[in-house]
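Below are the chains, spelled out letter by letter.
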Amino acid sequence: MSKQDYGIHWFRRDLRVAGNNALRSQLQECEGRVVGVFCFDKKFLARKDFSVNRFQFFLNSLVSLKKELQDLGSDLLVLDVGPDESLESLFKQLQKSKLGLPTRFSWNRDYEPFAIKRDKRIKKLCESFDIESIHFRDHLLIEPDELTKDDGDGYKVYTPFSRKWLEIFESEPVQKRMMAQKNGLTYLKKLEKGNLDKAFSLTWKKLLGTDLPQDVLEAYVTSNQEKVDIEIPEAGSLAALSKLKEFKKKIDEYGDKRDIPSIAGTSKFSMYLKNGTITVPQIIAYFQLTPYKKKKNSRDTFFSELIWREFYYHILYRHPHVEKKSFNPKYEDLKWENDKKLFKAWCEGKTGFPIVDAGMRELNQTGWMHNRVRMIVASFLTKDLLIDWRWGEQYFMEKLLDGDLAPNNGGWQWAASTGCDAQPYFRIFNPWLQSKRFDPEGEYIKTYIPELSDIPAKQLHKPILGHDSYPEPIVDHSEQRDKALKLYKEL
Ligand SMILES: Cc1cc2nc3c(=O)[nH]c(=O)nc-3n(C[C@H](O)[C@H](O)[C@H](O)COP(=O)(O)OP(=O)(O)OC[C@H]3O[C@@H](n4cnc5c(N)ncnc54)[C@H](O)[C@@H]3O)c2cc1C
């Protein structure tokens, strides 16, 4: 490697330095001469399911990453144009610079259909400039091509998938991957103490010969901030580390508490996972989770949830049609009623079903919703209101801080019974029974629907009639259940 050789790492949904696989390889190969780049894609910002709040969390994560890279002796160049255009003009600019083009251009793999196409184009772009492009596994611990049935096909059912996943997890190559992530955790602890080595020895200023162009990132932060309408949680690697620490006190009770929405018994890692501020292997390493045959304790249950996440990524990668269509094609013909008024009531948390309304208000007010309640509101939208799961999926994406195509689509298609390994269509959640079982004292309901604070708990699990400020149920559950059964049976 000559002194002139250097690497550029393209950050996308891997907004961290700790244990970042592609970045780590670049640092080793280029002996520290590495800089980072991020490109804003206007197409992404114009998507129908774009969320101002999630974008703010993303921006804050990016700000934190930039600062971390600067502390380490490097920097992050943020470009205001999508990667196809911006990387081409960056390469042209670098061609004329003193150090010339990078020797290696890297990224970590992304499994969403649009990202796969984009990355193929960028690979070609690199080839046209004679730059070596390298990409790495990072977002998942085990990639779809590594986990197949004997016939070479992917799994469509979670239980055998998870068994195989755990088997591969114990293999030597995957245990080596885990070691690297343990080192990532050691880095995080150093970052917390502020005693990091200057691992990088190249800056954009050195490369371009001038200061970075006007701060694109700052401009985005300022203009987006004005539109944010919820409190945005702390972002970045240190915030993720403190989430890990917080959950240390809770993990052994996760099995008992994870279904009770009034208790903060879950990890809240999802929004950090979405941006890659933290990864599944780092979580496994931090809590020293070990493979299980049968789930015996809280840790096993928690481990199994992390595997659900990987499962949905594998499904999306192997069956990209799920992004727009039902996994099971026969359900494309379902005759949804799609009543806009009912949909509006659902979005606003005004259906007259307190557990559903509390969930939707939690989502609108905080950008997050408890998993049990996500299942309840999704089942209610599809099987009580007979509204297409895609409407709900999109609304969730507009609101969720952790909104993420693979698990969101998986969760929605599970609830609507259109997905792989989904809830059978005849198993329809009864919102009244769900509410009684998982929020018996109505603590969760009353947190988000203060107008019901004087109503005795028992009455919260049946229709509330004649209330001044809270609506009566907009539908009758048993009638709607019969209708839903008929719709599904027709197919
Ligand atoms: C209709 C619906 C929509 C959903 N949309 C999303 C979404 O957009 N983004 C998202 O990350 N999760 C989604 N989920 C899955 C799950 O609800 C969230 O991951 C979880 O509530 C996040 O909270 P937590 O981090 O405290 O979870 P914990 O209970 O602490 O679980 C730890 C981690 O395991 C993973 N996990 C947990 N439950 C699931 C699950 N059912 N499916 C897949 N992964 C899981 C998540 O990465 C989570 O962070 C959805 C579920 C449903 C039913």
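1. A few points about unusual backbone geometry
For residues that are not glycine, phi is negative in most cases, and the peptide bond is trans in most cases. Of note, the phi angle at K268 is positive, near 60°, even though the residue is not glycine. Mapping K268 onto the fold places it in the loop between α11 (254-257) and α12 (270-275). Of note in this structure, N338 is not a glycine but carries a positive phi near 50°. Looking at the element boundaries, N338 is found in the loop between α14 (298-318) and α15 (340-348). Judged by relative accessible area, which is 23%, N338 ranks as partly exposed.

2. Examining the domain arrangement of the protein
The domain boundaries assigned to the protein delineate domain 1 (1-137), domain 2 (140-201 + 237-318) and domain 3 (329-489). The gap between the C-alpha centroids of domain 1 and domain 2 is 24 Å. The partner domain 2 presents 32 residues to the 33 residues of domain 1 that form the contact. When domain 1 packs against domain 2, the two sides together hide about 2,700 Å² of surface, and 56% of this comes from carbon and sulfur. Per-residue buried area on domain 1 facing domain 2 is highest for L72, Y111 and R137; these three make up 28% of the total on that side. The tally of links between domain 1 and domain 2 comes to one salt bridge. Between E143 and R109 there is a salt bridge whose closest N-O contact spans 2.8 Å.

3. A word on the nonpolar core
If you look at the biggest cluster of nonpolar residues, it comprises 134 residues, and the most contacted ones within it are F40, W165, I284, F287, F302 and W346. Element by element, the count of residues in this core is highest for α14, at nine residues. Other than its neighbours up to four places away in sequence, W346 contacts T351, V356, M360, V377, F380, L381, L385, G392, Y395, F396 and W412. Grouped together as the second largest cluster of nonpolar side chains are 23 residues, F91, L94, W204 and L208 included.

Thresholds applied
Residues numbered from 1 in each chain as written. Predicted model: local features only at pLDDT ≥ 70, side-chain atom pairs only at ≥ 80, totals over all residues. Heavy atoms only, no water. Helix = DSSP H or I, 4+ residues; strand = E, 2+ residues; numbered from the N terminus. Buried < 20%, exposed > 50% of the residue type's maximum accessible area, 1.4 Å probe, protein only. Domains from an automatic or database assignment. Contact = heavy atoms within 4.5 Å. Buried area = accessible area lost by both parts, 1.4 Å probe. Salt bridge = Lys/Arg side-chain N within 4 Å of Asp/Glu carboxyl O. Core = buried A, V, L, I, M, F, W, Y, C linked by side-chain atoms within 4.5 Å.

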